[in-house]
Amino acid sequence: MKIAVFNGSPRKENTYALVQAFCEGAKEAGHEVSEYHVGKMKIAGCLGCEYCHTKGEGNCVQKDDLEKIMPAYKEADMIVFASPIYYFTMTAQMEAAIQRVYCIGKPAKAKKAVLLLSSASPGVYDSAIAQFKGYAAFTGIEAAGIITANGDENKSEAKLKEVRDFAKSL
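Residues numbered from 1 in each chain as written. Predicted model: local features only at pLDDT ≥ 70, side-chain atom pairs only at ≥ 80, totals over all residues. Heavy atoms only, no water.

The next thing to look at is the overall build of the protein. Scanning the protein from N- to C-terminus turns up 5 helices and 5 strands. Its helices and strands in sequence order give the protein the pattern β-α-β-α-β-α-β-α-β-α, from N to C terminus. Taken over C-alpha atoms, the radius of gyration comes to 15 Å for the protein, in line with the 15 Å a tight globule of 170 residues would show. If one aligns the C-alpha atoms of the protein with their principal axes, the spans along those axes are about 50 × 35 × 25 Å. Here the protein, with 170 residues, has 49% of them falling under the buried criterion. Here the contacts in the protein between residues at least 6 apart in sequence split such that 76% fall between residues at least 24 apart. By element, 52% of the accessible surface of the protein is carried by carbon and sulfur atoms, the whole surface being about 8,100 Å². When the 21 basic and 20 acidic side-chain charges of the protein are each reduced to a single mean position, those positions are 3 Å apart. (Helix = DSSP H or I, 4+ residues; strand = E, 2+ residues; numbered from the N terminus. Rg over C-alpha atoms; globule rule 2.2 N^0.38 Å. Buried < 20%, exposed > 50% of the residue type's maximum accessible area, 1.4 Å probe, protein only. Contact = heavy atoms within 4.5 Å. Areas by Shrake-Rupley, 256 points an atom, 1.4 Å probe, with all protein chains shown as cover. Lys, Arg positive; Asp, Glu negative; His and termini not counted. Charge placed at Lys NZ, Arg CZ, Asp CG, Glu CD.)

So this is what it looks like as structure tokens:
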């Protein structure tokens, strides 16, 4: 299975450990995994201009780093969104990357999606989880799992093992 992991963190922090654990587990299970650091990319939010659905034939009018990750969106069997929580939601970079998939509607091959969230505090995940579930429902992609970690749990061996084992099970 081809898995595209979109990491919304703009810096190496707690989300990094969760992503690495997921990638290790998925690779051990024989999956082909590609990681994209969207948190460090220049991806603008959707303009809602409809160019993609009129003249653009599924291509966005904006030319930025989305072009680097769009092939992965289109070819992945599974999509993983990983993000730290900054003020009750995913990073702006991750949200922009999700919004811009509007140009293709639903990734053609994706059957499953996973959400990995890290934070410093418990109880701050509701908005990000609702967005993920809405995306999955709209696209018809199975929400295969959501893993959250906060505080010291972000780098605990128990949590990283949970993430690795989860990835192996997919």
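There's more to say after this.
A few words now on the nonpolar core. With 34 residues, the main nonpolar core has Phe 6, Ile 69, Tyr 73 and Phe 81 as its most contacted residues. Going through the elements one at a time, β1 (2–7), α2 (66–75), β3 (78–84), α3 (92–99), β4 (112–119) and α4 (126–139) are the ones with two or more residues in this core. If you look at the next biggest cluster of nonpolar residues, it comprises 23 residues, including Met 78, Ala 149, Phe 166 and Leu 170. (Core = buried A, V, L, I, M, F, W, Y, C linked by side-chain atoms within 4.5 Å.)

Moving on, we get to the pattern of salt bridges. Evaluation of the coordinates by the stated rule reveals 9 salt bridges. Residues Arg 164 and Glu 24 are paired through a salt bridge, measuring 3.5 Å at the closest nitrogen-oxygen approach. Of the two residues, Arg 164 sits in helix α5 (residues 157–169) while Glu 24 sits in helix α1 (residues 14–28), which places them 140 residues apart along the sequence. The partner of Glu 153 in a salt bridge is Lys 159, with the nearest N and O atoms 3.8 Å apart. (Salt bridge = Lys/Arg side-chain N within 4 Å of Asp/Glu carboxyl O.)

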